[in-house]
Each structure stands twice: as structure tokens, then as C-alpha cells.
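What the coordinates show
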Amino acid sequence: MNSIKNVPARVLSRRPGHSLEAEREQFDKTQAISISKAINTQEAPVKEKHARRIILGTHHEKGAFTFWSYAIGLPLPSSSILSWKFCHVLHKVLRDGHPNVLHDCQRYRSNIREIGDLWGHLHDRYGQLVNIYTKLLLTKISFHLKHPEFPAGLEVTDEVLEKAAGTDVNNVFQLTVEMFDYMDCALKLSESVFRQLNTAIAVSQMSSGQCRLAPLIQVIQDCSPLYHYTVKLMFKLHSCLPADTLQGHRDRFHEQFHSLRNFFRRASDMLYFKRLIQIPRLPEGPPNFLRASALAEHIKPVVVIPEEAPEDEEPENLIEIGSGPPAAEPAVVADLFEQTFGPPNGSMKDDRDLQIETLKREVETLRTELDKIQLEAQRYMAQLKGQVNALEAELEEQRKQKQKALVDNEQLRHEVARLRAAQLEGERHQGLREEAEKKASATEARYNKLKEKHSELITTHAELLRKNADTAKQLTVTQQSQEEVARVKEQLAFQVEQVKRESEMKLEEQSDQLEKLKRELEAKAGELVRAQAALSHAEQESQEQGLQRRLLEEQFAMLRGTAAEAERILQDAVGKLDDPLHLRCTSSPDYLVSRAQAALDAVSTLEKGHAQYLISRADASALVAALTRFSHLAADTIVHGSATSHLAPTDPADRLIDTCRECGVRALELVRQLQDQQALLQAQPSLVQTPLQGILQLGQELKPKILDVRQEELGAVVDKEMAATSAAIEDAVRRIEDVMNQARHASSGVKLEVNERILNSCTDLMKAIRLLVTTSTSLQKEIVESGRGAATQQEFYAKNSRWTEGLISASKAVGWGATQLVESADRVVLHTGKYEELIVCSHEIAASTAQLVAASKVKADKHSPHLSRLQECSRAVNEMAASVVASTRSGQEQIEDRDTMDFSGLSLIKLKKQEMETQVRVLELEKTLEVERVRLGELRKQHYMLAGAVGTPSADEPGRPSAAPRGGTSKKPPLAQKPSVAPRQDQQLDKKDGSYAAPLVNY
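Residues numbered from 1 in each chain as written. Predicted model: local features only at pLDDT ≥ 70, side-chain atom pairs only at ≥ 80, totals over all residues. Heavy atoms only, no water.

A few points about the overall build of the protein chain
On a plain count of helices and strands, the protein chain comes out with 28 helices and two strands. Looking at the protein chain as a whole, 38% of its 1003 residues are labelled buried. In the protein chain, the share of contacts with a sequence separation of at least 24, taken over all contacts with a separation of at least 6, comes to 81%. Accessible surface, the protein chain: about 56,600 Å² in total, of which carbon and sulfur atoms supply 53%. (Helix = DSSP H or I, 4+ residues; strand = E, 2+ residues; numbered from the N terminus. Buried < 20%, exposed > 50% of the residue type's maximum accessible area, 1.4 Å probe, protein only. Contact = heavy atoms within 4.5 Å. Areas by Shrake-Rupley, 256 points an atom, 1.4 Å probe, with all protein chains shown as cover.)

Overview of the environment of Phe-173
Summarising the element assignment, Phe-173 is placed in helix 10 (residues 169–196). Judged by relative accessible area, which is 18%, Phe-173 ranks as buried. Residues Phe-173 and His-249 lie 76 residues apart in sequence; the distance between their C-alpha atoms is 9.4 Å.

What about unusual backbone geometry?
Despite not being glycine, Lys-62 shows a phi value in the positive range, around 60°. Tracing the backbone through its elements, the reader meets Lys-62 in the loop between helix 3 (48–61) and helix 4 (65–71). When its relative accessible area of 38% is taken as the criterion, Lys-62 is described as partly exposed. One non-glycine residue, Leu-154, adopts positive backbone phi at about 65°.

So, empty space enclosed by the protein
Regions of empty space are outlined by a rolling probe, equal in size to a water molecule, passed over the atoms. This model, assessed by the stated rule, comprises three cavities of 30 Å³ or more. Reported here for the second largest cavity is a volume of approximately 40 Å³. Lining the second largest cavity are Met-183, Tyr-227, Thr-230, Phe-253, Gln-256, Phe-257 and Leu-260. Those elements that provide at least two residues to the lining of the second largest cavity are helix 12 (216–240) and helix 13 (247–268). At four residues, helix 13 tops the list of elements feeding residues into the lining of the second largest cavity. Within the lining of the second largest cavity, the residues separate by chemical class into five nonpolar, two polar and no charged. (1 Å grid on protein atoms, 1.4 Å probe; cavity = no way out; pocket = protein on both sides within 12 Å on 5 of 7 lines; lining within 4 Å. Points joined across faces, edges and corners; volume = space filled by probe spheres on them. Nonpolar A, V, L, I, M, F, W, Y, C, P; charged D, E, K, R; others polar.)

Notes on the pattern of salt bridges
According to the stated counting rule, one finds 31 salt bridges in the structure shown. The residue Lys-439 makes a salt bridge to Glu-435 at a minimum N-O spacing of 3.9 Å. With Lys-439 and Glu-435 both in helix 16 (residues 351–477) and four residues apart, this pair spans about one turn of that helix. A residue is classified by how much of its surface remains accessible, and Lys-439, at 45% relative accessible area, is partly exposed. On the basis of relative accessible area, Glu-435 is assigned to the partly exposed category, the value being 42%. Several salt bridges converge on common partners, so that one network encompasses Arg-24, Asp-28 and Glu-61. (Salt bridge = Lys/Arg side-chain N within 4 Å of Asp/Glu carboxyl O.)

What about the nonpolar core?
The tendency in soluble globular proteins is for nonpolar side chains to be buried as a group. In this structure, Phe-67, Trp-68, Phe-263 and Phe-273 are the most contacted members of the largest nonpolar core, which totals 93 residues. Ranked by residue count, the leading element in this core is helix 10, at 14 residues. (Core = buried A, V, L, I, M, F, W, Y, C linked by side-chain atoms within 4.5 Å.)

What about helix 7 (residues 109–120)?
Along its 12 residues, helix 7 runs 16 Å from first to last C-alpha, staying within 8% of the 16 Å computed at 1.5 Å per residue. Among all positions of helix 7, only Arg-109, Ile-112, Ile-115, Gly-116, Leu-118, Trp-119 and Gly-120 are buried. (Expected span 1.5 Å × (residues − 1).)

Quick notes on the packing of helix 12 against helix 13
Two numbers describe how helix 12 lies on helix 13: the axes approach to 11 Å, and their chain directions differ by 150°. In terms of axis orientation, helix 12 runs roughly antiparallel to helix 13. The two elements helix 12 and helix 13 cross, and the hand of that crossing is left-handed. On helix 13, the residues that touch Leu-216, Val-219, Ile-220, Cys-223, Ser-224, Tyr-227, Thr-230, Val-231, Met-234, Leu-237 and His-238 of helix 12 are His-249, Arg-250, Phe-253, Phe-257, Leu-260, Phe-263, Phe-264 and Ala-267. A breakdown of the residues in the contact of helix 12 with helix 13 according to their chemical character gives 14 nonpolar, four polar and one charged. (Axes fitted to C-alpha atoms, helices over the stretch in contact; angles between N-to-C directions. Parallel < 35°, antiparallel > 145°, perpendicular 65-115°, else oblique. Left-handed = near helix turned anticlockwise from the far one by under 90°.)

What about the side chain of Arg-109?
Looking at the secondary structure, you find Arg-109 in helix 7. Notably, Arg-109 is buried but unbridged: the nearest opposite-charge side chain belongs to Asp-117, and the N-O separation is 11 Å. A distance of 3.5 Å separates a polar atom in the side chain of Arg-109 from the backbone oxygen of Leu-138. (Lys, Arg positive; Asp, Glu negative; His and termini not counted. Polar contact = N/O pair within 3.5 Å; in protein donor to acceptor, adjacent residues only side chain to side chain.)

Some details on the packing of aromatic side chains
What the rule picks out here adds up to 17 aromatic pairs. Pairing Phe-253 with Phe-257 gives two aromatic rings, centres 6.5 Å apart and planes at 25°, and the pair type is stacked. Here the residue Phe-253 and the residue Phe-257 both occupy positions in helix 13, the gap between them amounting to four residues, near one helical turn. With a relative accessible area of 2%, Phe-253 lands in the buried category. Judged by its relative accessible area of 1%, Phe-257 falls in the buried class. Through a chain of ring-to-ring contacts, three or more aromatic side chains come together here, namely Tyr-227, Phe-235, Phe-253, Phe-257 and Phe-289. If you follow Arg-266 out to its NZ or CZ, it ends over the ring of Phe-194, 4.5 Å from the centre. It is Arg-379 that lies over the ring of Tyr-380; its NZ or CZ is 4.8 Å from the centre. (Phe/Tyr/Trp six-rings, centres within 6.5 Å; stacked < 30°, edge-to-face > 60°. Lys NZ or Arg CZ within 6 Å of the ring centre and 35° of its normal.)

Focus: the side chain of His-144
Relative to the helices and strands, His-144 is located in helix 8 (residues 125–146). Polar side-chain contacts of His-144 include one of 3.1 Å to the backbone oxygen of Phe-150. Once residues within four sequence positions are removed from consideration, His-144 is found in contact with Leu-102, Phe-150, Pro-151, Ala-152, Leu-154 and Tyr-182.

Re the confidence of the model for the protein chain
Per-residue pLDDT for the protein chain has a mean of 75; in total, 79% of the residues score no lower than 70. Low confidence marks residues 1–18, where pLDDT is under 50. Its contacts with residues over four positions away, or in another chain, come to 62 contacts. Overall, residues 309–348 carries pLDDT values under 50, and its contacts beyond four positions in sequence, including any with other chains, amount to 75 contacts. (pLDDT = per-residue confidence, 0-100.)

Notes on the packing of helix 25 (residues 801–829) against helix 26 (residues 835–857)
The geometry of helix 25 relative to helix 26 is characterised by a closest axis approach of 8 Å and an angle of 160° between their N-to-C directions. In terms of orientation, helix 25 and helix 26 fall into the roughly antiparallel class. In the packing of helix 25 onto helix 26, the handedness of the crossing is left-handed. Here the residues of the contact of helix 25 with helix 26 sort into 16 nonpolar, 11 polar and three charged.

Examining a negative patch on the surface
Where like charges cluster on the molecular surface, the negative patch consists of Glu-504, Glu-508, Glu-509, Asp-512, Glu-515 and Glu-522. With respect to the element layout, Glu-509 can be found in helix 17 (residues 482–575). (Patch = residues over 30% accessible without salt bridge, like charges linked within 9 Å, V, L, I, M, F, W, Y side chains within 5 Å. Charge placed at Lys NZ, Arg CZ, Asp CG, Glu CD.)

See the structure below:
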């Protein structure tokens, strides 16, 4: 369905003989079914048969009135997938629908822009794609309305392109810039889609991946002719203007060329696109516009949509056309409708067609086998690459271990040599000790011999004394030999005296020699003991030095690994300062102040750990823990500083970004110094304190100044508001019962039945809200008890002031909504109010209770039983609110009188006159509706400005300066201006009517 122009004439001849009203009713039914099947919330691509029916419907009615009448009623704000598929179908309708579709879509540009802006402010993956896609669609509509020479399919001849460009170089210049803008929007959408896909697996074969990839087929069809036209126009500009003037155009074209080539290459490698579209291959390099002859080398890229087997159509008529012949209907788009409806008059295919189909099937079979072989080869290559990488990693690890082993071996060799020297010294002392022991043993043996000799001499002396006694006895008996006895006595006495003197002299000499040997032995033993002590001390000292050296190496390795991880964390945080995806992130100044203060405390702890490590050099645990905490807190401070700047005015935001960047640079310099063993001694953690103090000061300046109560009073205000809400709901239940009693006495019949049904549904809603508030109060107490720790309840509320303010706001909203519902019900029963008031109050209560649930569960434990009961109560409130709306509408339809339309007595002229009056009334009502919608938007803007904690920058003073367009050549205003006040991320969306409830606190 890529070149449908008009409805075939043979389809017109098949119309049954129905009336125009029946035909129109059947047509509307068919279109409604196709639109509901094509645009749904299932994460799957849009089926071609449903899109084809919608496109044929635009050709049937020569416009897109029916399509938009049903598309406006779709709940697009409730589902990002629904909005994404709506954009896809709208793109196909713009390309392949009737030419009048462009003019019909022009009237709904504001609706398309609102959908894109809505999802652009929400953190949803499909929502970001919807925002980019709506910008592309608005650009496409504006381009074709401004240049009607280009059809929606963008396929024109070179003559039409020359005619559209004209002879004025300014027109050519402007047309080129507009095509550049168109191409930028298309490439941005493709890059965003591929960024969300994981290219490492076959995501194109999954329904979720195909849902994202399906719209890129239309993007490829748009980009191919745009690239061809820009090449033509660039050569024409270079033939009229100097090369220096067009330098910006060339740079912008080269950037788009590489992006488009990369886009075509990645898309052609996916299996999903291979069976749906043939993507052309762009050349390796961009054309050389400085050489005019290079135009002849340019080849126009052609996108081909292969023929597909027709899908099974449902047994319903695609288009019902009236029996009358169409006025000035074009002929036929033969080829496409022959594929869709079959050949005319049942003609059969010839042999060549059959051969062509057979060859096509064979080609498809071979292509499938080739894809399988390629996938298998890629899988084997991936496995081999993984094995090679593993082996290389193992080899590198072995090399490191070998190098470490060589170093350890060298150290051990020196240690062994020193120990051997000490061992030789010990062996020498051991030899001296043994020699001294031998001398001592010899001296002791001589001493023992002398002692034995002395004993013998004593024994001999005793024997001589006995002999002397015997001799004396003999002398007394025989006096004859007295002289002889005297002489013998003298001789014996002299011999004894001589022997005594000799023995005493020898004994003294032996004793002196023994004492001398003992002293020498004691000296040698002392030297041996000292040598052994020195040897053991040397061995212990060498072991301690090795252990200390290994401990220091392990401590520094641990410190270096922690510093490397800290450097990676800080680099990620600094990289987010310039990340485009991070520009939508916001944060509160209060949280930034808390992070900056915690980071300053971490810097002080890091200084203490650094000083302790420099003193001990043996324990780096304190420094590692302080560095880990500092890196996370500093990175957190930098990221939240950038997020806080997105909601701040221009000047403070720029200063905050610069201070965050300076903090990141100094923190990275510090962690790099901690990785170097030499630079570690000169590291100064105090240098990071200055930018952190600047961030802290700027965060305090950006804190809101509009709190109506002090933080220490927040706890009392919370309890007071929750009690007031419960009291308001109880009072609302009693008032509804009083109103019901009054209604029973004041009315009867149908009105009494309607009033009772409405009041009963209101009573059920109040009971559900009362249960919700009770459960929320229990959950709130559980949160306070589990989160305050040793602090008091008032301190917990003061610490979490943002959360507390959101809870207070939600409680006030619930109580006010219940009071308004009762007053509206009272007025409806007394016939002084409107049923619409009840419907709006029900929607407001649903939004307020959703706000209360969100504020209550933001700090709750996900496994808390109170949280589960709170969610059940929330679903019950939504059901009861829906019941109130349903009973109100049914009662309104039952009571209001509906006049029957009787046109039997009117002539043709009167019917025409009433038709014109009705059209005038319809236009007046549409104008009034548009004015009221504008008023509603302004009221909501004022509500956001009064209720939001942080003001949104105005249109005259934007929060962030916008970047200048590349090339610097376009003076055209932007296609879609952002609203001056946009709904913040912390506002709760009401799923029933698309409105926003009161803003919540951004956690």
C-alpha cells in the first residue's frame, strides 16, 4: 500500500443497492473496526490489512474525516503504546492516503503536538519515542503544505524538483535547509528506536521489537528520496554560490550522510526488514560537491517493497460504495488493487507469471537458508571470539603471574644468599663451641686423674701413719732399735712432707688451669648463644619484612582498585552532565543540599583516612572505606546538581553546572593521585571541598521559600489534616444519608428511583474513600515507625519535609473532593444542579485519592501488608467512582426528555434551511468548546504555578538556552514551540479524562 492514489473503478461497480444512510453506516462500522484493531495497547506491530482498510477509507471519502472522528476519541494519554501505534497509522495514512488527508490533518496539528508534549514530560520508554515521532509528523505535514509540488510519498521527477526549487538561489537555499530539518527528525527517530533495542540478540523477531521497528519502514521510504533531493540541491547551490559560503551546509550533509548510512546498514542486517523492504546501499563516502562532475557519479537510492502473500481477510466488506457513479472519479491504480482484490474478470496467470513466482519462491528459500547459514556462522564466530578472548585473558594472566614470580624469585634469591651467609657464620660459631667443649672435657679428665692421684697419696699417707704407729709400739717394746726407728721416722716424715708439697703444688696448678678452661668455655658458650640469637633475629626480621612488604602491596592494590572504581563512577557522573537523555531528569534543591552536605562530611573522613594511611602505611581499610563513600556521594551530588539545574533559572543553572563540572574534575584528579604510589603522598582531599561548598550554597539558594509552616510543625499538621479528612468524609456520609431521606419525601416515581441510585453510589464511594484514608493512615504510621530510627516523629517529618508536604496536599484534596461531591449531589436531587457536576467531582475524587495513594506508598516497603490493602482500597475507589459516573449518566438519560425527530412535513427547501441552521449551531458549539478548552488549559497552568514547589521558567526566560541550528542557515521559526508552562513529572495523571491532579512532590 505504498502508491494508492484513487479507489479502483471496479470496486465502485460492486456496490449493493443500499441507501446512502446504510452505506455510510456500514462504512463507519468498517472503519471503526479497522481503527480499533490497528491502534490498540498490544505490544505488537500494526497489521497491514487493518492499515490498508483505513487507507482505502480515505480514498473512498476523499479525506480523513472519519479517521480523525474515531482517532480523537482514543484514550491516547493513558497508554504510550497506543500513542505509538496511532503515530504509525497516521504516518501510513499521510503517505498512502488521499491527497486531502494533509489538509484534514492540518486541523488537528494541536492534538498531535499535545500528545507529543504529554509523553515527552513523562519517563516512559515508548513515551519518549512518541514525542520524537509527533515532531516528525508535524514536520512532514508542514513541509508538504508549504511545498504542494511534493506528494506525501515524496516521489517526484528531477524536472518537478527543478521547478519546485526555481531559479532564485534563496529559494533553493531555504528548500535545502527545510529538507535538512526533515531528515534530522527522521534520523533522530531511528536513532532513538535503535538505542532502546538490544542488538546483541534477535530482538527483531520478538513482538516488542517489531512494534518499535515497524514505523521505520515509512522512515526509510522518506529518507531515501530526501537524500537524493538534497544531493541534487547541494550541487545546484555549489554551482551558484562560493564554496566557503556553503561550508555549514556541507558539514550538516556529511553528518546526515554518515547517520543515514549507519541507519540503512543496521536496518538491512535485521531479519525483520529483509522480508518487508529492500533497503538501498549508500556509497562509502559522501559526494564531492566541490567537483561538478561528481553529480554524474551519483546513483539515486531506490527503496523496493517486495510483494507479499495476501493476509487472510475477515469476512466483512472493506469499503461499501453507493450505487450511483462517482463524479469525476479517476481511473484505476491497477497494480496494487490487483494484488489486493485479484485480477479483473477472473483472468488467469500465464506461464511466465508462474515461472516468476516459482523463481521468487526459490529465491526466498535460498535467502532463508543463506540467513540461517549466516546466523550459524555468526554464532560460531562469536563462540570462537569468546574462546580467543578467554585464552588471551588467560595468557595475559599467566604473563602477569610469570612476571610476579620472577620478581618474587629475585627477592627470594637475595634472601637465601643472606640467610646462607648467616648460616655459615652460625656454623663457624658452632665449631668454636664444639672445640671449647672438647678442651673442657680434656681438662675435666686431667682433673679427675689428679684427684685420683691425690686420693692415692692420702691413702699412702694413712698407711705410713699406721706403720709409724706400729713402729712406735715396737720401739716401746724393743728399745734396741730406737735410733733406727728415729731415723726411719725422720725419713718418713721428710718423704710425707715432700709428697704433700708436690701434691699441693700440682693440685693448685690443675685448679688454676681448670678455672681458666671453665672461663674460656663460658665465653665461647656466650658467643654461641649470641650468634644463635642474632641468626634467629635475622630470620624473624627477614620474615617480618617480607610480610610487611606483601601487606603494603596488598593494601595499595586494594586502594588502587577502589580508586579505579571511584574514577569510573565519577566519570559516569561527569558524562551525564552533557548527556542529552539526562536533560529531562529533575531533582529538588533539598535533596541536592543533603547530598552536598554528606559529600563534605565524606571529604573530611577521606582526609582523616589519608593521614592515617600515611602514618601507618600498613592499614588502608579506613582510606578505602572513606574513598568508596566519597566517590558515591560526590557522583550523586554531581548528578543531582545537574538534575536540579534543569528546573532553575538560567544564571543559577549555569553556575551550578559549572560548579558540578569543576567538582567532577577535582574529584577525578584526586582519585587518580590515589592510584599512583608516588603521587599518593602529595594528594590533597581538601581541594574538593571548595566546589562542594559552592554546590551546597547554590542548592540552598534554590530551595523554595513558600512553606506556610515550619518543619518542626509538619508532624502536627499531617496528623491534623488526616484527622480533618476522616472527619470530612464521615460528615459527607451523614449528609448523603440526610439528602437521601429528603429525596424520598420530596420526589417519587422515576425521579425517586434515579436519585436513590445516584445517592447509593455516592454513599458507596464515600465508604470506599473512608476505608482508603484509614488504611493510608495505618501505612503512614508504619512508615514513620520504620524510618525514623532513634529520632522522634516530628524529626522524621521535618527530615522528609517534601514527602510530608505532598501527604498534606493529598489529604486536603481528598477532603475537599468529598465535600464538593456531597454538595453537587444535594443540588442534583433538588433539581438546582447539573449532572455533569457529579461526573466532574467523581473524576476529581479519583485523581485526589490517586494522589494520596502515591504520596503514601512512595516511602512504604513493597512487601508491607498495609500497602497491599491500600492498593486494594484504591482499586475499590476507582470502581465506585466509575459507578457514580455510570449511574449519573444513566439517570440523566432516563429523566431528560428526548424529542423525536419528525421530518415528514418538511419540504426540500425547509430541510436544506434546517440543515444549514444545524451546521451553524454545530460550528458555534465547536467554537465554544475550543474556547472553553483554552480556558481550562490556562486554569491548569495557573494551578501548577500556585501549587508547584518549584516554578516553571516563562517563555521570555527559558530554563536552558537552546542550541543553534547546525549549518547556521535557517531563519525559519521552530515547528513546535514548547508550552510556557508544562506539567511536571511529579503530577498525577487522571486516567479517566486526561486531566492532571494537584502536583505531588518530586522524590
